[in-house]
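For reference, the chains in residue letters:
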Amino acid sequence: MDFLVLFLFYLASVLMGLVLICVCSKSHSLKGLARGGAQIFSCIIPERLQRAVHGLLHYLFHTRNHTFIVLHLVLQGMVYTEYTWEVFGYCQELEFSLYYLLLPYLLLVVNLFSFTLTCVTNPGIITKANELLFLHVYEFDEVMFPKNVRCSTCDLRKPARSKHCSVCNWCVHRFDHHCVWVNNCIGAWNIRYFLIYLLTLTASAATVAIVSTAFLVHLVVMSDLYQETYIDDLGHLHVMDTVFLIQCEHFIHPTGNSCMYWDYSWASSQCCLCSVCHIWTQYLFLTFPRIVFMLGFVVVLSFLLGGYLCFALYLAATNQTTNEWYRGDWAWCQRCPLVAWPPSAEPQVHQNIHSHGLRSNLQEIFLPAFPCHERKKQE
């Protein structure tokens, strides 16, 4: 199994794993299956190791810390260091357009700026001073967000679309989710910075991948591999085609020299199937291993970030939050523990009452309303 097949298998495994996580998070039966598997593993793994792993996971994902911020900056620094050290210099020698080569740096500046704003901006923390103001921002739907519900931790009345973050230990207005990569909650007042951060991060990863791929393809075109030849069954010499697959058989020439014999016969079962891409991948991997590894990383990252970006844009266009989308499962809403249904009444189904068209939804995200505490106090 060659490097290209391993890479494609890894990419497919990661994508399938994310799909399964999303499906399991919305399916109660799969949740029970996952809990059963965890119980089985708990019987096998030593208890001391379980406590250590549980403590580490609790620290990483359930407490505020800067671990993922540091990891984010280190990974981003490594990618741009490799891009600057090798890809940028080689592309300049090959007379690539300087505008395309500088585009990743422009995206990096915007990304770091929006990343910083997402980290430090108040997401919309609800306090006793602004509690009454937030209660009148959104309408209560009486299904997912009923009236007169108090937060058991903050002892504040919960405005519609708010939620208490167990990591930050405060209630957030229009709570979306807690992001470990920015060590902050994503709420009404920093969701716009988060979307810009996610968009520029996806674009920078895709741009680096495109420029690196263009460099490697240009290198292959200029190399001798593009002009390789093969011999068919009749002994005729042909130029290697880059479209269709060919078959090859490695043998030892009677003179003792090792050579490669290209057999175009599809019926031969002793020949191993390979492609021109396989040969090019091996050549490039041996010649530029760091660039190929970086390319593989940013390609996987582009797919993952691109998928999440599409999901985030869908939520923004429909004026939903991640919290509302997760809790909006039909079966869950019919068993909502926040509402006491009368025995004869049919359970209500949650409907999105906050969506008022694409333009209004995007305006609400990028131009949010800020309660003016001082002006209210003066009045």
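Preceding block: the structure.
About the thresholds
Residues numbered from 1 in each chain as written. Predicted model: local features only at pLDDT ≥ 70, side-chain atom pairs only at ≥ 80, totals over all residues. Heavy atoms only, no water. Helix = DSSP H or I, 4+ residues; strand = E, 2+ residues; numbered from the N terminus. Buried < 20%, exposed > 50% of the residue type's maximum accessible area, 1.4 Å probe, protein only. Contact = heavy atoms within 4.5 Å. Lys, Arg positive; Asp, Glu negative; His and termini not counted. Salt bridge = Lys/Arg side-chain N within 4 Å of Asp/Glu carboxyl O. Polar contact = N/O pair within 3.5 Å; in protein donor to acceptor, adjacent residues only side chain to side chain. Axes fitted to C-alpha atoms, helices over the stretch in contact; angles between N-to-C directions. Parallel < 35°, antiparallel > 145°, perpendicular 65-115°, else oblique. Left-handed = near helix turned anticlockwise from the far one by under 90°. Nonpolar A, V, L, I, M, F, W, Y, C, P; charged D, E, K, R; others polar. 1 Å grid on protein atoms, 1.4 Å probe; cavity = no way out; pocket = protein on both sides within 12 Å on 5 of 7 lines; lining within 4 Å. Points joined across faces, edges and corners; volume = space filled by probe spheres on them. Expected span 1.5 Å × (residues − 1). Core = buried A, V, L, I, M, F, W, Y, C linked by side-chain atoms within 4.5 Å. Patch = residues over 30% accessible without salt bridge, like charges linked within 9 Å, V, L, I, M, F, W, Y side chains within 5 Å. Areas by Shrake-Rupley, 256 points an atom, 1.4 Å probe, with all protein chains shown as cover.

Here we look at the overall build of the chain
Step number 1: Within the chain, the regular secondary structure consists of 13 helices and 9 strands.
Step number 2: Within the chain, buried positions represent 38% of all 379 residues.
Step number 3: Here the contacts in the chain between residues at least 6 apart in sequence split such that 64% fall between residues at least 24 apart.

Comments concerning the environment of leucine 198
Step number 1: Checked against the element boundaries, leucine 198 lands in helix α7 (residues 191–222).
Step number 2: Placed 84 residues apart in sequence, leucine 198 and serine 114 show a C-alpha to C-alpha distance of 8.9 Å.

Remarks on the side chain of arginine 192
Step number 1: With respect to the helices and strands, arginine 192 occurs in helix α7.
Step number 2: Despite its burial, arginine 192 remains without a salt bridge, the nearest opposite charge being carried by glutamate 364 at 12 Å.
Step number 3: Side-chain polar atoms of arginine 192 contact the backbone oxygen of phenylalanine 366, separated by 3.3 Å.

So, the packing of helix α5 (residues 98–120) against α7
Step number 1: The geometry of α5 relative to α7 is characterised by a closest axis approach of 8 Å and an angle of 155° between their N-to-C directions. With respect to their mutual orientation, α5 and α7 come out roughly antiparallel. In this structure, the crossing between α5 and α7 has a hand that is left-handed. Along its contact with α5, which presents Tyr100, Leu101, Leu103, Pro104, Leu107, Val110, Asn111, Ser114, Phe115, Leu117 and Thr118, the element α7 presents Tyr193, Phe194, Ile196, Tyr197, Thr200, Leu201, Ala203, Ser204, Thr207, Val208 and Val211.
Step number 2: Here the contact of α5 with α7 is composed, by residue class, of 16 nonpolar, 6 polar and no charged.

Some words on empty space enclosed by the protein
Step number 1: Inspection of the entire model under this criterion finds 2 cavities of 30 Å³ or more.
Step number 2: A volume near 90 Å³ is recorded for the largest cavity.
Step number 3: Lining the largest cavity are 14 residues, with Asp176, Ile191, Leu195, Ala312 and Leu315 positioned closest to its centre.
Step number 4: If you list the elements that add at least two residues to the lining of the largest cavity, you get α7 and α9 (289–317).
Step number 5: Looking at the lining of the largest cavity element by element, the count peaks at 5 residues for α9.
Step number 6: Split by residue class, the lining of the largest cavity holds 9 nonpolar, 3 polar and 2 charged.
Step number 7: Of the pockets and cavities examined, the second largest cavity occupies roughly 40 Å³.

Focus on the pattern of salt bridges
Step number 1: Evaluation of the coordinates by the stated rule reveals 8 salt bridges.
Step number 2: Between arginine 290 and glutamate 82 there is a salt bridge, with its nearest N and O atoms 3.5 Å apart. Of this pair, arginine 290 sits in helix α9 while glutamate 82 is found in helix α4 (residues 67–93), placing the two residues 208 residues apart along the sequence.
Step number 3: Residues arginine 290 and glutamate 86 are paired through a salt bridge, measuring 3.2 Å at the closest nitrogen-oxygen approach. A residue pair is termed long-range when its members are at least 10 positions apart, and arginine 290 in helix α9 and glutamate 86 in helix α4 qualify at 204 residues.
Step number 4: The network of salt bridges with common partners includes Arg161, Arg174, Glu324 and Glu364.

Focus on α9
Step number 1: The end-to-end C-alpha distance of α9, which contains 29 residues, comes to 41 Å, matching closely the 42 Å that a straight helix rising 1.5 Å per residue would cover.
Step number 2: Backbone geometry just after α9 places asparagine 319 at a positive phi near 55°.

A word on the nonpolar core
Step number 1: Counting 18 residues, the largest nonpolar core has Tyr83, Val87, Phe215, Met294 and Val298 as its most contacted members.
Step number 2: One finds Ile69, Leu195, Leu309 and Ala316 within the second-largest nonpolar core, a separate group that totals 17 residues.

Side note on the packing of α7 against α9
Step number 1: Running from N to C, α7 and α9 point in directions that differ by 145°, and their axes come no closer than 8 Å. α7 and α9 meet at a crossing whose hand is left-handed.
Step number 2: Partitioning the contact of α7 with α9 into residue classes produces 22 nonpolar, 5 polar and no charged.

A closer look at a nonpolar patch on the surface
Step number 1: A grouping of Leu103, Leu106, Val109, Val110, Ile196, Leu358, Leu362, Phe366 and Leu367 is seen on the molecular surface, where their side chains present a nonpolar patch of about 770 Å² in accessible area.
Step number 2: Elements with a minimum of two residues in the nonpolar patch: α5 and α12 (358–366).
Step number 3: By residue number, the principal contributor to the nonpolar patch is α5, which donates 4 residues.
Step number 4: Summarising the element assignment, leucine 358 is placed in helix α12.

A word on the side chain of histidine 177
Step number 1: Structurally, the position occupied by histidine 177 is in strand β3 (residues 177–179).
Step number 2: For histidine 177, a relative accessible area of 15% translates into the label buried.
Step number 3: Beyond its immediate chain neighbours, meaning those up to four positions away, histidine 177 contacts Cys185, Ile186, Phe194, Tyr308 and Thr322.

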